[in-house]
Amino acid sequence: METIAVAGAELQSLALGQGAPLLMLHGLANGNMASWFSAIASPLSASRQVLLYDQRGHGGSSLAASGYDLDQQADDLQTVLDHYRCGQGPVDLVGHSMGALIALHYALRQPERVRRLVLVDAPMPARDYVAPSLFNATSREALAEWVLGELASAAGLSGRRRERLLQRLGALLFDTTLRQDVLAMDAEPEAALAALELPVLLVYGLRSPCLAAGERLAKLLPQAQLKLLSCGHYIPEEAPAELLVLLENFLNPNSNPHSMRLPTETLTVAPVTGVLP
Amino acid sequence: MSSHQEQVLALVIDKIRATVNEDWIADFDIGLETRFNDDLELESIEFVKIADAIQAHYGNQLAIIAWLSGKSIHELIGLSVGDLVDYIAGTLAPAQA
């Protein structure tokens, strides 16, 4: 594990495997590099280098007071890529939820540095999709009530893990600019999306509240394909095996298609509800 | 428990304590039966740090990432300390531990 300094924060990062670089970005609040680590990043690292990092305020990275906007987070991503000597690209990017919005924002700024892009349940615009679930709690007391009741039981968390989740969310929501940064996150401009000439894989959950955002992106992005999985928003946790098959197929188009067929008939995934993006 | 296993267990306990780095873990009685999830109540990110620290300690004698590959987060922290020790002790020859 390595620590990388960015503006106002220190980020914890991890590199797995060797070969062409693929960087994976986790989602907001409850996400960190463990979201990808064993189920998805490790298998993918058998044939490439996989880079993971905890975004500012998440996992083992420091709690930055500000800089949760997409411009700063795309700068953070650039610094991580520079650290691993692939800052000029081409790199494959995979992001879930807020991580997908960061990856997309980076690709729109630096399309020549991105080889392929995978957006997993990207909630664009975040101010419509993320804000309601995240910002219902307007005080620490209300947050504690929500986390200790509904959220922790939905995520199967108890005891120490529940306390730590509450601490992290309290710090992110009340000690940083996260709330105002997310409320300021508009959709990316349609003209910029229409001009993004990159292969893009969109993976959305059939029961995700963000599904309409995926359908919209599929129409706007010129080289996008939309794949739907039978789950909700938390695809890396709810349907990791199915997501891995989609990623392998998209990233290794020449691999044996019979060995990587998605078991659509047997796809039954228990929904996880009530957890933050 | 063989002395080889005991050495590996001591190393794993050391990495758990260093990673968690809170007062309670110093006195917590960690053994082969201890579960990362139910007993230590570790977060998945802490398990990743512990696995990475053990991998860094043993270097290329071990392929802990490949061993964990394909396991879900829930399987990952559902492991016991003994599961991890068995994998490490079984992979390393006693002289290397």
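Cut-offs applied
Residues numbered from 1 in each chain as written. Chains lettered and ligands numbered in written order. Predicted model: local features only at pLDDT ≥ 70, side-chain atom pairs only at ≥ 80, totals over all residues. Heavy atoms only, no water. Helix = DSSP H or I, 4+ residues; strand = E, 2+ residues; numbered from the N terminus. Rg over C-alpha atoms; globule rule 2.2 N^0.38 Å. Buried < 20%, exposed > 50% of the residue type's maximum accessible area, 1.4 Å probe, protein only. Contact = heavy atoms within 4.5 Å. Areas by Shrake-Rupley, 256 points an atom, 1.4 Å probe, with all protein chains shown as cover. UniProt positions renumbered as here; feature names shortened; annotations may be inferred. Expected span 1.5 Å × (residues − 1). Polar contact = N/O pair within 3.5 Å; in protein donor to acceptor, adjacent residues only side chain to side chain. 1 Å grid on protein atoms, 1.4 Å probe; cavity = no way out; pocket = protein on both sides within 12 Å on 5 of 7 lines; lining within 4 Å. Points joined across faces, edges and corners; volume = space filled by probe spheres on them. Nonpolar A, V, L, I, M, F, W, Y, C, P; charged D, E, K, R; others polar. Pairing = 2+ DSSP bridges. Axes fitted to C-alpha atoms, helices over the stretch in contact; angles between N-to-C directions. Parallel < 35°, antiparallel > 145°, perpendicular 65-115°, else oblique. Buried area = accessible area lost by both parts, 1.4 Å probe. Salt bridge = Lys/Arg side-chain N within 4 Å of Asp/Glu carboxyl O.

**Student:** Give a description of the overall build of chain B that names residues and reports values.
**Tutor:** When its secondary structure is counted, chain B shows 6 helices and 0 strands. Start at the N end of chain B and walk to the C end: the helices and strands fall as α-α-α-α-α-α. What you see for chain B is a C-alpha radius of gyration of 13 Å, in line with the 13 Å of a compact globule of 97 residues. Considering only C-alpha atoms, chain B reaches an extent of 35 × 30 × 20 Å along its principal axes. Relative to its full complement of 97 residues, chain B shows a buried share of 51%. Contacts in chain B between residues at least 24 apart in sequence constitute 65% of all its contacts with a sequence separation of at least 6. For chain B, the computed accessible surface area is about 4500 Å², with 46% contributed by carbon and sulfur atoms.

**Student:** Give me the overall build of chain A: which residues, what numbers.
**Tutor:** Each helix and strand in chain A was counted, giving 12 helices and 8 strands. Going through the 277 residues of chain A one by one, you find that 59% of them count as buried. Counting only carbon and sulfur atoms, one obtains 50% of the accessible surface of chain A, whose full area is about 10600 Å².

**Student:** If you had to explain the UniProt feature "domain: AB hydrolase-1" (unreviewed entry) in chain A to someone new, which residues and values would you point to?
**Tutor:** Here, the residues flagged by UniProt with the feature "domain: AB hydrolase-1" (unreviewed entry) are residues 21-128 of chain A. The distance from the first to the last C-alpha atom of residues 21-128 of chain A is 32 Å, and the span holds 34% helix and 21% strand.

**Student:** Break down helix H3 (residues 44-58) of chain B for me, citing the residues and quoting the values.
**Tutor:** At 3.6 residues per turn, the α-helix brings residues three or four places apart onto the same side. All names here are of chain B. In a regular helix each residue adds 1.5 Å, so 15 residues correspond to 21 Å; H3 covers 21 Å between its end C-alpha atoms and thus fits that length. Where burial is concerned, most of H3 is hidden: 11 out of the 15 residues are buried. Three or more residues of H3 are buried, namely Ser-44, Ile-45, Glu-46, Phe-47, Val-48, Ile-50, Ala-51, Asp-52, Ile-54, Gln-55 and Tyr-58.

**Student:** Can you break down the environment of Glu-75 of chain B residue by residue, with the values?
**Tutor:** All names here are of chain B. Summarising the element assignment, Glu-75 is placed in helix H5 (residues 73-77). Spatially, the C-alpha atoms of Glu-75 and Gln-61 are 24 Å apart, while their sequence positions differ by 14 residues. From its side chain, Glu-75 meets the backbone nitrogen of Ser-72 in a polar contact 2.9 Å long.

**Student:** Now, about empty space enclosed by the protein: what can you tell me, with residues and values included?
**Tutor:** Residues and elements named next belong to chain A. For the structure on display, the rule yields 1 cavity of 30 Å³ or more. The computed volume of the largest cavity comes to approximately 50 Å³. Around the largest cavity, the lining residues are Leu-70, Leu-101, Met-124, Pro-125, Ala-126, Met-185, Asp-186 and Glu-188. Partitioning the lining of the largest cavity into residue classes produces 6 nonpolar, no polar and 2 charged.

**Student:** Tell me about the pairing of strand S5 (residues 91-96) of chain A, and please be specific about residues and values.
**Tutor:** Residues and elements named next belong to chain A. Extensive coverage of S5 is indicated by the burial of 6 of its 6 residues. Residues Val-91, Leu-93 and Gly-95 of S5 are buried on one face, and the alternating residues Asp-92, Val-94 and His-96, pointing to the opposite face, are buried as well. Inspection of the sheet shows strand S3 (residues 21-25) paired to S5 by 4 bridges, in the parallel sense. Across the sheet, residue Leu-22 finds its bridge partner in S5, namely Asp-92. Sheet analysis places S5 next to strand S6 (residues 114-120), joined by 6 bridges and oriented parallel.

**Student:** Lay out the packing of helix H2 (residues 70-83) of chain A against helix H3 (residues 98-109) of chain A with the relevant residues and their values.
**Tutor:** Residue and element names in this part refer to chain A. H3 packs onto H2 with a crossing angle of 80° between their chain directions and a minimal axis gap of 9 Å. Put simply, H2 runs roughly perpendicular to H3. Counted together, Leu-70, Asp-71, Gln-73, Ala-74, Asp-75, Leu-77, Gln-78 and Leu-81 of H2 and Met-98, Leu-101, Ile-102, His-105, Tyr-106 and Arg-109 of H3 form the full contact between these two elements. Broken down by class, the residue content of the contact of H2 with H3 amounts to 8 nonpolar, 3 polar and 3 charged.

**Student:** An account of the side chain of Ser-61 of chain A is requested, with residue identities and associated values reported.
**Tutor:** Residue and element names in this part refer to chain A. Within the fold, Ser-61 resides in the loop between strand S4 (49-53) and H2. For Ser-61, a relative accessible area of 8% translates into the label buried. In terms of polar contacts, Ser-61 uses its side chain to reach the backbone carbonyl oxygen of Asp-54, at 2.6 Å. In this view, Ser-61 contacts Glu-10, Leu-11, Gln-12, Asp-54, Gln-55 and Arg-56; residues no more than four positions away in its chain are not counted.

**Student:** Got a sec to walk through the environment of Asp-92 of chain A? Specific residues and values, please.
**Tutor:** Residue and element names in this part refer to chain A. As for its placement among the helices and strands, Asp-92 is situated in strand S5. Placed 70 residues apart in sequence, Asp-92 and Leu-22 show a C-alpha to C-alpha distance of 4.6 Å. For Asp-92, the contacting residues outside a window of four places in its chain are Pro-21, Leu-22, Leu-23, Arg-115, Arg-116 and Leu-251.

**Student:** Quick rundown of the interface of chain B and chain A? Include the residues and the values.
**Tutor:** Listed as interface residues are 24 residues of chain B and, on the opposing side, 25 residues of chain A. For the pairing of chain B and chain A, the buried interface totals around 1900 Å² over both sides, and the portion due to carbon and sulfur atoms is 55%. Among the residues of chain B in contact with chain A, Glu-41, Glu-43 and Ile-45 of chain B are the three that bury the most area, contributing 29% of the side total. There are 6 salt bridges connecting chain B and chain A. A salt bridge links Glu-46 of chain B to Arg-160 of chain A; the shortest N-O distance between them is 2.7 Å. In this structure, the connection of chain B to chain A is made through 12 residue pairs in polar contact (both at pLDDT 80 or more). Looking at the side of chain B that touches chain A, the elements with two or more residues in it are H3, helix H4 (64-68) and H5 of chain B. If you tally residues by element for the side of chain B that touches chain A, the top one is H3 of chain B, at 6 residues.

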